[in-house]
Amino acid sequence: MMDFADRLAAYQAAMSLARDMLRQGIITEREYAEIDTIMTKKYGLSLGSIFRTIA
């Protein structure tokens, strides 16, 4: 199993890609929020975590 630092890095990498897609108009803000929720759960972060990003 991944340690916290690895899970956090993977989450941040995924969300960086999602932010790029949002900025380019590929996805909507609602889709970005859905991706964030999915990635938060996938990588085991709390929905209230200070490490989560906000677009």
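What counts as what
- All chains use their own residue numbering, which begins from 1 and follows the written sequence.
- Where totals are concerned, whole chains, interfaces and linings use all residues; where local detail is concerned, this predicted model gives features only for residues with pLDDT of at least 70, and gives and counts side-chain atom pairs only at 80 or more.
- Water and hydrogen atoms were dropped before computing side-chain values, which therefore reflect all heavy atoms in the structure.
- Each axis is a line fitted through C-alpha atoms, and for a helix only the stretch in contact is used; angles between axes span 0 to 180 degrees, taken between their N-to-C directions.
- Per the convention used, a helix needs a DSSP run of H or I reaching at least four residues, while a strand needs a run of E reaching at least two, with both numbered from the N terminus.
- Between 65 and 115 degrees an angle is taken as roughly perpendicular, under 35 as roughly parallel, over 145 as roughly antiparallel, and anywhere else as oblique.
- We call two residues in contact whenever any of their non-hydrogen atoms come within 4.5 Å of each other.
- For this scheme, ten residues count as nonpolar: Ala, Val, Leu, Ile, Met, Phe, Trp, Tyr, Cys and Pro. Four count as charged, namely Asp, Glu, Lys and Arg, and the remainder, Gly too, count as polar.
- Helices are assigned an expected span. That span is 1.5 Å times one less than the residue count.
- Partly exposed describes any residue whose relative accessible area lies between the buried limit of under 20% and the exposed limit of over 50%, with all areas from a 1.4 Å probe on protein chains only and scaled to the type maximum.

Honestly, the packing of helix α1 (residues 4-23) against helix α2 (residues 29-42) in this entry has me stumped. Any pointers?
Running from N to C, α1 and α2 cross one another at 175°; their axes reach a closest spacing of 10 Å. With respect to their mutual orientation, α1 and α2 come out roughly antiparallel. For the pair α1 and α2, the contacting residues are Tyr11, Ala14, Met15, Ala18, Arg19, Met21 and Leu22 in the first and Glu29, Tyr32, Ile35, Asp36, Met39 and Thr40 in the second. Its residues assigned to classes, the contact of α1 with α2 shows nine nonpolar, one polar and three charged.

Would you mind showing me how to read the environment of Tyr32 here?
Note on placement: Tyr32 falls in helix α2. Residues Tyr32 and Met21 lie 11 residues apart in sequence; the distance between their C-alpha atoms is 8.6 Å.

Explain α2 here, please?
Because each turn of an α-helix spans 3.6 residues, side chains separated by three or four positions end up pointing in the same direction. Helix length check: α2 (14 residues) gives 20 Å between terminal C-alpha atoms against 20 Å at 1.5 Å per residue, within 8%. Just beyond α2, the residue with positive phi is Gly44, at close to 70°.

Got a minute to help me understand α1 in this structure?
Counted at 1.5 Å a residue, the expected span for α1 with its 20 residues is 28 Å, and the 28 Å between its end C-alpha atoms agrees. Inspection of α1 places Arg7, Leu8, Ala10, Tyr11, Met15, Ala18, Arg19 and Leu22 among the buried residues, and these make up the whole buried set. Looking at the packing, one finds that the buried side of α1 touches α2. Looking one or two residues past α1, Gly25 carries a phi angle of roughly 80°, positive in sign.

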